[in-house]
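Chain by chain, the residues:
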Amino acid sequence: MYFIRFVPGETFVFVRAVKPLEFPPAPLTSHRVYERLAGFRSHHPSVGMKGARTLQQLSLTVKRSLHHHHHPPPPLQHSVGIIGAPFSKGQPKDGVECAPNKLRAAGLLERLQQQGCAVKDYGNLTFENVALDEPVKGSKSVRTVGSANQRLSEAVKAVKRDGHTAVMLGGDHSLAIGSIHGHTAAVGPVSVVWVDAHADIHTPLSSNTGNIHGQPMSYLLYELQSKVPPLPNFSWMKPCLSSRDLVYIGLRDVDPEEHYIMKLLTVKAFSMTQVDQLGVARVMEETCDYLWDRSKKPIHLSYDIDAIDPSVTPATGTPAVGGLTYREGIYITEYLCQTGLLSAVDMVEVNPLRGRTEDDVHSTVSTAVDLLLGCFGRRREGNHLPDYSLPEP
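Computed from a predicted structure; not experimentally measured.

A. Structural detail: the pattern of salt bridges. Going through the model one piece at a time under the given rule, you end up with 10 salt bridges. For Asp121, the salt bridge goes to Arg104, with nearest N and O atoms at 2.8 Å. Here Arg104 lies in helix H3 (residues 99–105) and Asp121 lies in strand S4 (residues 118–124), a separation of 17 residues in the sequence. We classify Asp121 as partly exposed; its relative accessible area is 32%. The residue Glu381 makes a salt bridge to Arg379 at a minimum N-O spacing of 4.0 Å. Since its relative accessible area comes to 65%, Glu381 is described here as exposed. Note on Arg379: relative accessible area 29%, which makes it partly exposed. Look at the salt bridges and you will find they share partners, linking Asp245, Arg294 and Lys297 into a network.

See the structure below:
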């Protein structure tokens, strides 16, 4: 708990902790500071206007510092388990299956190691391609997608049980079904931060395209279980996520049916309108406030590269203008890293065949690598290994 003290006739107040902080600490965010200051003011009417102004100044000072200092430092070494998922059948465009090897070729593993991470590469999964996979209730490639996600779920579960933070390199976003399912099977309930231009919360019956990469969230949510019909090769799949443990960031291309579902379930979402209004620092602060108000669960970050504006990441299947800047996208990963709760990451929808030029492909792949590095301690002000010392002459 925090103690706020005002001395009548003086021009200062101070804040001090009166008991040791828990780990990770309960976030004392700027608006909570304001609420506590306001409560203090209402119970101490003798505090004059001068004191009130001082309280307001303190609130602003704490606000500036809390964005960067209310989280504990991350562990000295992250342990990262990488799974390649070269899969494209959740959508119709070839090329996204090439992304895992492209990300590796861009130096992902070496750069993680250079910043002090222990890295184990579990290689690429192989997926069965069902020969006669006719649409079921309007959804395409259901059997292929179902069996691929079952395999991925088992792989993520194994990585988590080996003690690593799981990194799934997609592949299209239908793979989030297996990734999140496997994560919860290994560690129990999780919170999901879904960074994407799209909500991907269509049910199989509400989707106009039938592409399952626009449906994964409906398979995962308890609240939508009754809206998802039985599908071949999905009998293994049971919902594993509450809508109250989900936050969207970066939305700007949401279908009417998805908008209805999100309002029905009161899903927490920060569209690009909110990102513009609040700034990404406030968005991340409120994201963690919302998720932690119930309990601190492991965080699953599902990052679709099309969340970033296509001027930066054009090599993707469904680009949408008006997205996150490079800096905003990186800040999200840095912030979640600093919570100490990031437990699994998806990087999906990088499609090297959708870039018109080599520069398009390079910009998209290198941004995806930088986002992943931000998840594991890379700081833009610079890093050094804990055991580094200057050479002696």
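From this point, the narrative continues.
B. Here's a closer look at the nonpolar core. Ranked by internal contacts, the top residues of the largest apolar core, which has 50 residues, are Val195, Ile249, Leu301, Tyr303, Leu324, Ile332 and Met347. Looking at this core, the element that brings in the most residues is helix H12 (residues 358–375), giving eight residues. Sequence-distant contacts of Leu324, that is, excluding residues within four places in its chain, are made with Val195, Arg252, Met272, Val275, Tyr303, Ala307, Ile308, Asp309, Gly329 and Ile332. Within the second largest apolar cluster, 46 residues are counted, among which are Leu231, Leu251, Met262 and Val267.

C. Local environment of the sheet that holds strand S6 (residues 191–195). Strands sit in the order S4-S3-S5-S10-S9-S6-S7-S8 across an open sheet of eight strands; the sheet is parallel. Unpaired on one side and paired on the other, S4 and strand S8 (268–271) mark the two borders of the sheet. Taking each pair of neighbouring strands and ignoring which way they run, the sheet shows an average axis angle of 15°. As defined by bridge partners, strand S3 (residues 79–85) adjoins S4 across five bridges and the pair is classed as parallel. Note that in S4 the partner of Gly84 across the bridge is Asn124. Lying over the sheet, helix H11 (residues 326–338) contacts S6, strand S7 (246–251), strand S9 (299–304) and strand S10 (342–348), oriented at roughly 165° with respect to S9.

Calculation rules
- Residues numbered from 1 in each chain as written.
- Predicted model: local features only at pLDDT ≥ 70, side-chain atom pairs only at ≥ 80, totals over all residues.
- Heavy atoms only, no water.
- Salt bridge = Lys/Arg side-chain N within 4 Å of Asp/Glu carboxyl O.
- Helix = DSSP H or I, 4+ residues; strand = E, 2+ residues; numbered from the N terminus.
- Buried < 20%, exposed > 50% of the residue type's maximum accessible area, 1.4 Å probe, protein only.
- Core = buried A, V, L, I, M, F, W, Y, C linked by side-chain atoms within 4.5 Å.
- Contact = heavy atoms within 4.5 Å.
- Pairing = 2+ DSSP bridges.
- Axes fitted to C-alpha atoms, helices over the stretch in contact; angles between N-to-C directions.

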